[in-house]
Amino acid sequence: MSVTAPSAGPPARSGKAAALGWLLTIGLNVVAPIVTYNTLTEDHGWSEFSALLLSSAWPVLDTAVMAAWRRKVDEFAVVTLVFLVITAVVSLVGAHTARALLVKDSGVTGLFGLLCLGTLLAPRPLMFYFGRKFATDGTPESTAWWNGMWQYEGFRSTMRTMTLVWGVAYVAEALTRIALAYALPTDTMVVLSPVMIYGVLAALGVWTAWFGRRRAAEGARRAAEAEAAATAA
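Residues numbered from 1 in each chain as written. Predicted model: local features only at pLDDT ≥ 70, side-chain atom pairs only at ≥ 80, totals over all residues. Heavy atoms only, no water.

Topic: the environment of Tyr 37
Okay, so step 1: By the secondary structure assignment, Tyr 37 is in helix α1 (residues 15–43).
Okay, so step 2: Each C-alpha atom of the pair Tyr 37 and Leu 54 lies 7.9 Å from the other, and the pair is 17 residues apart in sequence. (Helix = DSSP H or I, 4+ residues; strand = E, 2+ residues; numbered from the N terminus.)

As structure tokens, this is what we get:
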């Protein structure tokens, strides 16, 4: 289909629900793991490896909370759970040191980048499903609107470009974090590692929002020009 912009906009979404979702994500994936690690190692004498392994349970709770809240497990949650399982399995293989676990954790984000690149060969790339999670509030109306956008060639091209950029960015992030894990002390990397993960995520989020608005504006302009040409004809 040559049309690149839909005639109807997205349904209204709940700003409070979206804000609460982001607060839970940041709190359970960034703040809680850092506090848990520092408390267990400094106040309770846990080993760095054990504290780091236990702190990784917080993302599991985040997935469970979101699944209970939405009352369904979507493709985003499935991808998250798969990588949590991979992380748990990988953490039990090889050397049981804090640095080794940090390196393995970096490998998991690298696998995420490779997954993004791999889904470019699938019917719909990974960013289509991630976009549906964060661009809608999960209601049937907003979900149906997002799914219907796939009919537009411009939307499909945008999702594939976003997936390519995210894949390359996270592969590069993982390689950088592995190098830093050997160059910096473990307690420094415990703080720096999640900051890098979610710093890259924030940067990609800003770029994605900008790129999405730009492509939407281009699509609207082309649709308006085509309509004007058809009217003149």
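Focus on the packing of aromatic side chains
Okay, so step 1: Scanning all chains against the criterion turns up 11 aromatic pairs.
Okay, so step 2: Considering the side-chain rings of Phe 128 and Tyr 129, the 5.2 Å spacing of their centres and the 85 degrees angle between planes classify their relative orientation as edge-to-face.
Okay, so step 3: Residue Tyr 129 is classed as partly exposed on the basis of its relative accessible area, which comes to 23%.
Okay, so step 4: On the basis of an interplanar angle of 75 degrees and a centroid distance of 5.4 Å, the ring pair of Phe 128 and Trp 150 is categorised as edge-to-face. Linking Phe 128 in helix α6 (residues 126–135) with Trp 150 in the loop between α7 (140–148) and α8 (153–183), this pair joins segments that are 22 residues apart in sequence.
Okay, so step 5: Judged by its relative accessible area of 0%, Phe 128 falls in the buried class.
Okay, so step 6: Put simply, the rings of Phe 128, Tyr 129, Trp 145, Trp 146, Trp 150 and Phe 155 pair up and form one aromatic cluster.
Okay, so step 7: One residue, Arg 124, lies across the ring of Phe 128, its end atom 4.8 Å from the ring centre. (Phe/Tyr/Trp six-rings, centres within 6.5 Å; stacked < 30°, edge-to-face > 60°. Buried < 20%, exposed > 50% of the residue type's maximum accessible area, 1.4 Å probe, protein only. Lys NZ or Arg CZ within 6 Å of the ring centre and 35° of its normal.)

Details of the confidence of the model for the chain
For residues with low pLDDT, the predicted coordinates do not support detailed interpretation.
Okay, so step 1: Chain-level statistics for the chain give a pLDDT mean of 77 and a share of 75% at 70 or above.
Okay, so step 2: Looking over the chain, one finds the lowest element-wise mean pLDDT in helix α4 (residues 75–91), namely 59, and the highest in α8, namely 92.
Okay, so step 3: Taken together, the stretch residues 1–7 has pLDDT below 50 and engages in 18 contacts with residues farther than four places along the chain or on a different chain. (pLDDT = per-residue confidence, 0-100. Contact = heavy atoms within 4.5 Å.)

As for the side chain of Ser 193
Okay, so step 1: Residue placement: Ser 193 occurs in helix α9 (residues 186–232).
Okay, so step 2: A polar atom in the side chain of Ser 193 sits 2.5 Å from the side chain of Arg 177.
Okay, so step 3: The residues touching Ser 193, leaving out its near neighbours within four places in the chain, are Leu 102, Asp 105 and Arg 177. (Polar contact = N/O pair within 3.5 Å; in protein donor to acceptor, adjacent residues only side chain to side chain.)

Overview of the side chain of Glu 173
Okay, so step 1: Within the fold, Glu 173 resides in helix α8.
Okay, so step 2: Glu 173 gets classed as buried once you look at its relative accessible area, which sits at 4%.
Okay, so step 3: One polar contact links Glu 173 to Arg 177, side chain to side chain, over a distance of 2.5 Å.

Overview of the pattern of salt bridges
Okay, so step 1: Evaluation of the coordinates by the stated rule reveals three salt bridges.
Okay, so step 2: The partner of Glu 218 in a salt bridge is Arg 214, with the nearest N and O atoms 3.3 Å apart. Taken together, the residues Glu 218 and Arg 214, both in helix α9 and four residues apart, mark about one turn of the helix.
Okay, so step 3: The partly exposed category is assigned to Glu 218, whose relative accessible area is 22%.
Okay, so step 4: Taking relative accessible area as the criterion, Arg 214 reaches 41% and is therefore assigned partly exposed.
Okay, so step 5: The residue Arg 215 makes a salt bridge to Glu 218 at a minimum N-O spacing of 3.7 Å. With Arg 215 and Glu 218 both in helix α9, this residue pair falls three residues apart, about one helical turn.
Okay, so step 6: Within this structure, Arg 214, Arg 215 and Glu 218 form a network of salt bridges that share partners. (Salt bridge = Lys/Arg side-chain N within 4 Å of Asp/Glu carboxyl O.)

Notes on the packing of α8 against α9
Okay, so step 1: The interhelical angle for the contact between α8 and α9, taken along N-to-C directions, is 160 degrees, at an axis separation of 10 Å. When the axis of α8 is compared with that of α9, the two are roughly antiparallel. In the crossing of α8 with α9, the sense of the turn from one axis to the other is right-handed.
Okay, so step 2: Looking at the contact of α8 with α9 residue by residue, the classes come out as 16 nonpolar, nine polar and three charged. (Axes fitted to C-alpha atoms, helices over the stretch in contact; angles between N-to-C directions. Parallel < 35°, antiparallel > 145°, perpendicular 65-115°, else oblique. Left-handed = near helix turned anticlockwise from the far one by under 90°. Nonpolar A, V, L, I, M, F, W, Y, C, P; charged D, E, K, R; others polar.)

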